[in-house]
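Each chain, written out:
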Amino acid sequence: MITYYARCFAIVLLLTQPAFAGKVNGTLSSRLDFYPDHADGTASEGRSVEVKIDAFHDFDKSRIVGEFIFRGDKKDSGRRITEARQAYFRSPFAGFDFFVGNRQEFWGKAESKNVVDVINQSDAAANDGKSGKLGAPSISAERYLDVGNLQLWYISSFREKTFNDSDAHPSSGVPVSSAQYARKNGKDADDFAARLSSFAGDWDLAGSVFYGTARDPILSVNSNGSALNPHYALQKSIGFEAQYTGDVTLLKWESLHGTQSSLIGAHDFAAAVAGIEYTYYGAFETIWDIGLIGEIQHDDRPQAAANQFGVAGVRLVFNDIADSNFLFLASLDRKTDQSFASLEASRRINDVTSVKLTSQFYNARTATSTFGQLSDDDAITLTLNIFF
Amino acid sequence: MKLGTVTMFVAIATAVMITAAFASPEKGLEIAIEADSRDKGFGDSTAQITMILMDKYGQSTERTIRNRTFEGYNEGDKSLVIFDSPGDVRGTAFLSHTKKADSDDQWLYLPALKRVKRIASSNKAGPFMGSEFSYEDIASQEVEKYTYNYLRDEELNGLECFVVEYDPVDRKSGYKRQIVWMDKAEYRVHKIDFYDRKDALLKTLTYEDYNQYLDKFWRSNRLVMINHQTGKKTELVFADWKFQTGMTERDFEKSTLKRTR
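Residues numbered from 1 in each chain as written. Chains lettered and ligands numbered in written order. Predicted model: local features only at pLDDT ≥ 70, side-chain atom pairs only at ≥ 80, totals over all residues.

1. Things to note about the overall build of chain B
Within chain B, the regular secondary structure consists of three helices and 13 strands. Radius of gyration (C-alpha) of chain B: 20 Å, near the 18 Å computed for a compact globule of 261 residues. If you line up chain B on its principal axes, its C-alpha atoms span 75 × 40 × 35 Å. Evaluated residue by residue, chain B yields a buried proportion of 31% over its 261 residues. Across chain B, contacts joining residues at least 24 apart in sequence account for 43% of those joining residues at least 6 apart. (Helix = DSSP H or I, 4+ residues; strand = E, 2+ residues; numbered from the N terminus. Rg over C-alpha atoms; globule rule 2.2 N^0.38 Å. Buried ≥ 20, exposed ≤ 12 C-beta atoms within 10 Å, placed from the backbone. Contact = placed C-beta atoms within 7 Å.)

2. What about the overall build of chain A?
Each helix and strand in chain A was counted, giving two helices and 23 strands. Against the globule reference of 21 Å for 388 residues, chain A gives a C-alpha radius of gyration of 21 Å, in line with a compact fold. Across its three principal axes, chain A shows a C-alpha extent of roughly 60 × 60 × 45 Å. Partitioning the contacts of chain A with sequence separation of at least 6, the portion at a separation of at least 24 is 56%.

3. Details of the sheet that holds strand E14 (residues 228-232) of chain A
All names here are of chain A. The mixed open sheet is built from three strands, whose spatial order is E10-E14-E13. For this open sheet the edge positions go to strand E10 (180-181) and strand E13 (218-221), each flanked by a neighbour on one side alone. With two bridges joining them, E10 and E14 adopt parallel strand pairing. Looking at E14, one finds that Gln180 is bridged to His231. (Pairing = 2+ DSSP bridges.)

4. A few points about the interface of chain B and chain A
Each partner contributes residues to the interface: chain B has 23 residues there, and chain A has 33 residues. When the residues that make up the side of chain B that touches chain A are grouped by side-chain class, the tally is seven nonpolar, eight polar and eight charged. (Nonpolar A, V, L, I, M, F, W, Y, C, P; charged D, E, K, R; others polar.)

5. Comments concerning the environment of B:Val89
Residues and elements named next belong to chain B. Structurally, Val89 can be placed in the loop between strand E3 (78-85) and strand E4 (93-97). Take Val89: there are 19 C-beta atoms within 10 Å of it, and that puts it in the partly exposed class. Sequence-wise, Val89 and Gly41 are 48 residues apart; in three dimensions their C-alpha atoms are separated by 33 Å.

6. Points about the nonpolar core
The biggest cluster of nonpolar side chains holds 40 residues, and the ones touching the most others in it are B:Ala93, B:Leu95, B:Val164, B:Val180 and B:Met182. Contact partners of B:Val164, with chain neighbours within four places excluded, come to B:Gly28, B:Ile31, B:Tyr148, B:Asn149, B:Tyr150, B:Leu151, B:Val180 and B:Met182. With 14 residues, the next largest nonpolar core counts A:Trp107, A:Val116, A:Trp153 and A:Phe210 among its residues. (Core = buried A, V, L, I, M, F, W, Y, C linked by C-beta atoms within 7 Å.)

Below you can see the structure in the form of C-alpha cells.
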C-alpha cells in the first residue's frame, strides 16, 4: 500500500512541478511484426505503437523518477498496456539511499538468459527482449560498503506475467486464464530480496537471496483443454554471479539454487548459465569489433523451455557514426531436439531516429516440446524509434 | 655520383648523431612529470561537451555529452561520461577507473535494461562513439603510461615549445608513438601527431582556446582531431567548465552509474 501511494505521489509530483529541476524525454516506437509461418486463424502480422515518457525532478538531496509506457496494439489486447515501469521517490537516510514506489532493476551477467534477475516481472507480451519488464512496487535501500554495494528489497505486491492473445504471437494458441498462487495471500504476498555486489581486480562478483513468488508461472491446461492456468510457486533461492574481465575474453557465470513450492509439490531446483565472450577488436584491420559468444544454460525448473541449452552467437559492432550493430544467437537443446535462433540489427538514421530489425525462429521435432507449441511463432519485427 | 652518395651518408649520419645528442629520455620524462604536477590539485571537474563528427565530404553530425572527472592520487583519475544525444544513446554512461600501470577498469550503463556491464579495456584503439578519438585518446593521461624522449625545441603558433616523443608502454595501444608539442611557459599541449603501429602518420590533434581556471589549471575549449588516412575529422567543443564541485569518490563507483542523468 505504501508503494502504491508512493507511486501515485511520484506521478502527481512529476506532473505538477512548476519549476522543473529535471528533464522530460520521450520515445515513440512504431513496430511492425510479420509472422511468416503463422497457423490458420492466427495473426499474419501485428502493428503496435509505444510511447515511453522518462522524467525526473531533483529536490535538494532527493529525486523523483518516472518512466511510463503506453502501448497500443491493433489486434493483440495482451500487448496493450499502461504501465508505470518506474515511478519512485529516492532519498538518502541513515547512510542508505531509499527508493519507494515502482522500480526496475537488473541482476545478472550472462547474455542469453539471466537466471538471477528476480526483482521484476517480465512484460513478456511486449516481446521486447530483456527490457520488457514491469515495475516492481517496492521499498528498497542501497548502501555502498567497504565490501561492496548492498541492496535490500521489500516488494509489496505481485505483478503477473503478461501474455499475448491466443491468436497473436508468440502464443501456445490456448487462452491464459486467471492466475493461481501457492501462497495463501496470492497477489498480495510480500517478497524479500537482498544482493551484495563487488569487484576486485578483474573480477566482478555478486551474491543474492530471494524469498517470494516465482516470476515465471507453471502453465497447465485446464480439464477441458480450453485454457492455460498460470500457477505461481513460492520460491526461496540463492543467486551467485561472477564475471572475469580479461583483455579480450569475458568469462561469465550466474546460478540460482533453491526450492519452489507449488501445486505439484516442493522441489529443489538449480538454474545456471556459464559463458564466454571473445572479442576481436579492430577485426580484419578495420574499426569493426567481432564478438564470439558461447553459453551453456541449465534449468531444471518446470517452467523452463528445456533442461539444457547450448548457445552460440556472433556480435558485430561496426563502430561507425550510425552505431550499426548486429547480434545473432542460436540455442540448441539436443535432448528435446529443439532450437531457437534470434537476430538483432540496429542503426541510427539521424539524431532523433533509429531503426531496429529483430527476428526469432523456433524449430522443434515434436509438437509437445515448448518450441513445438511455438512452431508457428517465427517473427520478423521492424521497429522505428523517434526520440523527443 | 659516388661522392654524392658519401656526402649524403655523412649528412644523414651527422643529422642522426646531432638528433641523438639532443634527444633525451631524461628530459622527456622531466617535461612529462612537470606537466603532470602543474595539473595536480584540481580535485574534480565537470564540463559539457559537443562532439562534431565530420566525414571527408564535410558533412557533419553532433553528439552532446557530459564529463565528470575525479582526480586520483595513488591511482589514476576516475571519469564518467554521460551521453545526452543522439536520442538512441541518451542516458548511456561510461565509467572509467584509470590505472597508472595496469589496465583500466571500465563499465557501461545501458539505460533501457538498467544494466551495468563491465567491459574489457583492451579496446583502447577502438573509436569512441564512432569518432576519430579512440578510447585511449579520451582516457586520463598518466605519466606511467608512456616512455619519453625529448626531441627538440620548436616554435608553434608563436609559442616556444618542447617537442617530446611519447611511446605507449601498453602494447595494446593503437599507436607506435606520439609526437607532442608542449609550450615551455605553461606546459600546455598544443598539438599531437599520432603514428600508427606501422609508424605511418595516422592523426593530428590540435588544442585551441585555452582558458585558465582557479588561477592554475589550463583547459582547452576546442580539440580538433584529423585522421590523415581517412580524411575524417572530429571536434570536441567544451563549455561550462566547473572545478572542485564537491563530488566525492563515491560518485564514481559503479553502483552510481544507474543514478546519473
